[in-house]
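Residues per chain are reported as follows:
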Amino acid sequence: MTHSSILTAAGLDLSDLSGGSLAVHTPIDGSEIARLAETRADDMSAVIARAQAAFRHWRTVPAPRRGELVRLLGEELRAAKAELGAVVSLEVGKITSEGLGEVQEMIDICDFALGLSRQLYGLTIASERPGHRMAETWHPMGPVGIISAFNFPVAVWSWNAAIALVCGNPIIWKPSEKSPLTAMAAHRCLERALARFGDAPEGLSQLVIGGPEIGAALVESRDVPVLSATGSTRMGNIVGPKVLARWGRPILELGGNNAMIVAPSADLDMAVRAIVFSAVGTAGQRCTSLRRLIVHESIHDDLVAKLKSAYASLPVGDPRESGTLVGPLVDEQARTRMLAQLEQARSEGGVVHGGEAVEDGVPQGGAYVTPALVEMPDQTDTVRTETFAPILYVMRYSSLEDAIAMQNDVPQGLSSCIFTLNLREAETFLSAAGADCGIANVNIGPSGAEIGGAFGGEKETGGGRESGSDAWKGYMRRQTSTINYSAELPLAQGVRFDI
Ligand code: NAD
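None of these values were measured; they are calculated from a predicted model. (Residues numbered from 1 in each chain as written. Predicted model: local features only at pLDDT ≥ 70, side-chain atom pairs only at ≥ 80, totals over all residues.)

A.B. asks: It is not clear to me how the overall build of the protein should be interpreted in this structure. Could you clarify?
C.D. replies: Each helix and strand counted, the protein has 14 helices and 23 strands in total. Against the compact-globule benchmark of 23 Å for 499 residues, the protein has a radius of gyration of 24 Å, which places it among compact chains. Viewed in the frame of its principal axes, the protein has a C-alpha envelope of about 80 × 60 × 35 Å. Counting contacts in the protein only where the partners sit at least 6 residues apart, residues at least 24 apart contribute 72% of the total. (Helix = DSSP H or I, 4+ residues; strand = E, 2+ residues; numbered from the N terminus. Rg over C-alpha atoms; globule rule 2.2 N^0.38 Å. Contact = placed C-beta atoms within 7 Å.)

Laid out in structure tokens, this is it:
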């Protein structure tokens, strides 16, 4: 299929894809595939006003009825899975099965949110006063701004969108300027669901196209009470304080620097498969990609040998071809950064295997690389930095305590894991004295989370939680009510105030 036919198959109209100021390139061969009109910064106040008007209606629609919209979205996504997955591959370079997996994640969160629409449970609380009842109720918050990163161009939106919509909130989405086409195609699915739903207010879901300055309008507006931002820690450092300064609620999903501890008892064959998928999948461009491998000294050489041989046979190439496991980096800048980080690692004593630009047997114009395995003498500053590329730093440890200290000794706190068959080691890793991350796994890599759990991380990862479990509470306001059905007016704590 040509680039244009992939876009039209996903419901995009080619006449909307030219003549604008935002150039969109495919990482596959670097060619320009669209030139989009951008939302004007001075249109943003009208966009936000439309969302506020939609909120006044949507908050009164019963939550199970709001769930019906998300059910329809799930149906539309099921029907469009192949076409939307192909746009993910075209626009951000994911291999076919990962592009499809991203859409599957959207379908899964719609199912979850549909069930949730009948389970936005509050509490009843025992009152200390006779003839009184206390309750806790959850109410919609208002428009939710969603700023998303290029590497999960649609799944992260759907985590926010499906939950925000059942919680009674309109949504305004500013996707990455590197992946607006996938966003447009996904939004078409929601538009079809809205048409079938029938009576949703105009402006319930809006898509705005552009760079940071368009995102900034959402960040700065008091009429956008929840701002969910996914991207680099650098972006979160700007966005988080601004949202807090206007008393908004930020949900931040920022950079990760995820580690695996491999203990002496680990099933090494299983560990190798988990390591290679987590470190190399999505060309190392997942927030949860494995970047640090902390290996017990007794098995270090054996594991490194197995990894070197697995890395040697990894097929790098066009992400749409069956058999390819490593597609391109998002752009040339990402490749330059990767190669520079490897130089830096060498200067700190690292021994680098792989990590070279690939020009043969791949589409010309794309930024292809062989994944890098780097044996490091220590956890240096370079290792502590997130580089968004397939670089895996390997280090040794002698005691589990040291390994956990090393796992925690980075600024980020997203995902972590241990491979061990030893119950004491596994439980210590998961204990209060164990990994300090939002996600901690046993005998499974750090990437590829299911939507049922709350997703997010600590420290410079931003502290936000999205997706499953009770992450929905971040999109609602909690109201505590005391109801007096007696004929007396007793005060709490036995206070007397007789008049
Ligand atoms: P990025 O920070 O460059 O951009 C992310 C988004 O933020 C884009 O939409 C961008 O336009 C917007 N943005 C940037 N500066 C802004 C500002 N000052 N005001 C408002 N909006 C602004 O990130 P990226 O390169 O697209 O994505 C890669 C990064 O995202 C990595 O660090 C990765 O770890 C992180 N990420 C984190 C998660 C997570 O859930 N923790 C998920 C995916 C990606």
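Picking up after the structure, the text goes on.
A.B. asks: Can you help me understand the sheet that holds strand β10 (residues 258–262) in this one?
C.D. replies: Strands in a sheet are paired, the pairing made by backbone hydrogen bonds, and the direction either parallel or antiparallel. The sheet built from seven strands is open, its strands ordered β12-β15-β16-β11-β10-β18-β19 with mixed pairing. If you trace the sheet from one side to the other, it starts and ends with β12 (351–354) and β19 (439–442), each paired once. Sheet twist, expressed as the average angle between the axes of neighbouring strands with direction ignored, equals 20°. In this structure, β12 lies alongside strand β15 (residues 372–375), joined through four bridges in antiparallel fashion. When the bridges of β15 are listed, His 353 appears paired with Leu 373. Contacting β10, β11 (290–296), β12, β15 and β16 (391–397), helix α10 (residues 300–312) crosses the sheet at an angle of about 160° to β15. (Pairing = 2+ DSSP bridges. Axes fitted to C-alpha atoms, helices over the stretch in contact; angles between N-to-C directions.)

A.B. asks: I'm lost on the site of the ligand in this one. Help?
C.D. replies: If you check the shell around the ligand, you find 30 residues, and the closest are Ala 149, Gly 215, Gly 231, Glu 253 and Cys 287. When contributions to the shell around the ligand are tallied by element, the ones reaching two or more residues are α7 (212–220) and α8 (233–245). When residues in the shell around the ligand are grouped by element, the largest group, four residues, is from α7. Residue classes in the shell around the ligand are distributed as 15 nonpolar, eleven polar and four charged. (Near = placed C-beta within 6 Å. Nonpolar A, V, L, I, M, F, W, Y, C, P; charged D, E, K, R; others polar.)

A.B. asks: Explain the sheet that holds strand β9 (residues 249–253) to me, please; I cannot follow it from the model alone.
C.D. replies: Taken together, five strands build an open sheet; the order of strands is β7-β6-β5-β8-β9 and the sheet is parallel. Sheet topology places β7 (205–207) and β9 at the edges, where each strand pairs with a single neighbour. Here the strands of the sheet are splayed against their neighbours by 15° on average, with no regard to which way each runs. As defined by bridge partners, strand β6 (residues 171–174) adjoins β7 across three bridges and the pair is classed as parallel. Across the sheet, Trp 173 pairs through a bridge with Leu 207, a residue of β7. Sheet contacts for α7: β5 (144–147), β6 and β8 (226–230); angle to β6, the most-contacted strand, approximately 150°.

A.B. asks: Help me understand the environment of Met 395, please; the structure alone is not making it clear to me.
C.D. replies: Along the chain, the position of Met 395 falls in strand β16. Look at Met 395 and you get buried, because 20 C-beta atoms sit within 10 Å. Residues Met 395 and Leu 293, spaced 102 residues apart in sequence, show a C-alpha to C-alpha distance of 6.1 Å. Other than its neighbours up to four places away in sequence, Met 395 contacts Ile 294, Met 376, Asp 378, Gln 379 and Met 406. (Buried ≥ 20, exposed ≤ 12 C-beta atoms within 10 Å, placed from the backbone.)

A.B. asks: What exactly am I supposed to notice about the packing of helix α3 (residues 63–92) against helix α5 (residues 155–166) here?
C.D. replies: Any two packed helices are characterised by the angle at which their axes cross and by the distance between the axes. Look at α3 against α5: their axes get within 8 Å of each other, and the N-to-C directions meet at 150°. Classified by the interaxial angle, the pair formed by α3 and α5 is roughly antiparallel. Facing Ala 63, Arg 66, Gly 67, Leu 69, Val 70 and Leu 73 of α3, the residues of α5 in contact are Ala 162, Leu 165 and Val 166. Partitioning the contact of α3 with α5 into residue classes produces seven nonpolar, one polar and one charged. (Parallel < 35°, antiparallel > 145°, perpendicular 65-115°, else oblique.)

A.B. asks: Hey, could you run me through the pairing of β11 in this one?
C.D. replies: Within a regular beta strand, the side chains point alternately toward one face of the sheet and then the other, so they alternate between its two faces. By the criterion of burial, β11 is predominantly enclosed, with seven of the seven residues buried. Relative to β11, β10 runs parallel, the two sharing five bridges. Bridging across to β11, Met 260 finds its partner in Leu 293. Each parallel crossover has a hand, and the one from β10 via helix α9 (residues 268–280) to β11 is right-handed. Across five bridges, β11 lies against β16 in parallel orientation. (Right-handed = clockwise from strand over helix to strand, strands pointing away.)

A.B. asks: Please clarify how the environment of Glu 68 should be interpreted in this entry.
C.D. replies: Residue position: Glu 68 is located in helix α3. Residues Glu 68 and Val 166, 98 residues apart in the sequence, show an inter-C-alpha distance of 8.8 Å.

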